Amino acid sequence: MPELTRRRALGAAAALVAVAGTQTVTAPSVSAAPGVSAGEHHHGGPEAFDEVYRGRRIEGRPAGGGGHHHGAGYAVFVDGAELHVMQNADGSWISVVSHYAPVPTPRAAARAAVVELQGAPLVPFNFNAN
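These figures come from a predicted structure and were not determined experimentally. (Residues numbered from 1 in each chain as written. Predicted model: local features only at pLDDT ≥ 70, side-chain atom pairs only at ≥ 80, totals over all residues. Heavy atoms only, no water.)

Colleague: So what's going on with the overall build of the protein chain? Which residues, and what values?
Modeller: Assigned secondary structure in the protein chain consists of two helices and six strands. If you list the helices and strands of the protein chain from N to C, you get α-β-β-β-β-β-β-α. Per-residue burial for the protein chain yields a buried fraction of 33% across its 130 residues. Counting only contacts in the protein chain whose residues sit at least 6 apart along the sequence, the fraction spanning at least 24 positions is 39%. (Helix = DSSP H or I, 4+ residues; strand = E, 2+ residues; numbered from the N terminus. Buried < 20%, exposed > 50% of the residue type's maximum accessible area, 1.4 Å probe, protein only. Contact = heavy atoms within 4.5 Å.)

Colleague: Before we move on, can you summarise the nonpolar core with the specific residues and values?
Modeller: Membership of the largest hydrophobic core comes to 19 residues, with the highest contact counts inside it found for F49, I58, V76, V78, L83, V85 and L122. Secondary-structure elements contributing two or more residues to this core are β1 (49-53), β3 (74-78), β4 (81-83) and α2 (106-117). (Core = buried A, V, L, I, M, F, W, Y, C linked by side-chain atoms within 4.5 Å.)

Colleague: I'd like to hear about the confidence of the model for the protein chain, residue by residue, with values.
Modeller: The predicted model of the protein chain has a mean per-residue pLDDT of 75, with 56% of residues at 70 or higher. Within the protein chain, helix α1 (residues 6-21) has the poorest average pLDDT of any element, 55, and β1 the best, 98. Here residues 22-42 is modelled with pLDDT under 50, and outside its nearest four sequence neighbours on either side it reaches 30 contacts, counting other chains as well. (pLDDT = per-residue confidence, 0-100.)

Colleague: Outline the side chain of R107, supporting the account with residue identities and numerical values.
Modeller: Among the secondary structure elements, R107 is positioned in helix α2. Side chain to side chain, R107 and E51 meet in a polar contact 2.6 Å long. (Polar contact = N/O pair within 3.5 Å; in protein donor to acceptor, adjacent residues only side chain to side chain.)

Colleague: Now, about the environment of G119: what can you tell me, with residues and values included?
Modeller: Position of G119 relative to the elements: it lies in the segment after α2. Distance from G119 to R56, taken between C-alpha atoms, is 8.4 Å for residues 63 residues apart in sequence.

Colleague: Go over the pairing of β3, please, and point to the residues and values.
Modeller: Most of β3 sits inside the fold, with five of its five residues counted as buried. Of the two faces of β3, the one carrying Y74, V76 and V78 and the one carrying A75 and F77 are both buried. Inspection of the sheet shows strand β2 (residues 56-62) paired to β3 by five bridges, in the antiparallel sense. Bridge pairing links E59 to F77 in β3. Pairing between β3 and β4: three bridges, direction antiparallel. Residue pairing in the sheet places F77 in a bridge with E82 of β4. Taking the residues between adjacent antiparallel strands as the criterion, β3 and β4 are bridged by two residues, where D79 takes a positive phi near 50 degrees. (Pairing = 2+ DSSP bridges.)

Colleague: Go over the packing of aromatic side chains, please, and point to the residues and values.
Modeller: The geometry of two aromatic rings is summed up by the distance between their centres and the angle between their planes. All told, the structure shown has one aromatic pair when counted by the stated rule. Between the aromatic rings of Y74 and W93, the centroid separation amounts to 6.0 Å while the plane-to-plane angle is 65 degrees, which identifies the pairing as edge-to-face. Here W93 lies in strand β6 (residues 93-95) and Y74 lies in strand β3, a separation of 19 residues in the sequence. For the residue pair Y74 and W93, the accessibility class agrees, reading buried in each case. (Phe/Tyr/Trp six-rings, centres within 6.5 Å; stacked < 30°, edge-to-face > 60°.)

Shown next, in the form of C-alpha cells:
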C-alpha cells in the first residue's frame, strides 16, 4: 500500500471538496413511502440511483442474494463494474477506491470513486482470489 504523503492527502481533500460541491439533478428512481425521507426506500436503506456523473455511469441498488456485500445489502456500479462499498457503524459509507474518506451515501461513494479514478477503469475487486 502506498505511503500517505502530503500530496496524496491534499489530492484526496480536493476530490472530496469537488464531490461535495458538485450537484447532479436526477429524478428519484424509487418513490419514498409516506413518512420515509427522500434518501431512503421503504426498508430504511439508501435509495436506488442511476445517473451519469462526470461522463461515467454510476448505479446503486439493493443487492440481490448472491455476492459479497458489506454495504447492508447494497450494490454500487461504475460503468457496469461493481464498486465494493461498505457502511460504517456511524452510518457513513466507504468504498474500496476511497477507503479512508467516508461519505454520507452510496451515491456519494460512487461519485468520490469517479473523481479518484480520474478516467481510469474500475477493476472489480476479486473476493475469491486465493
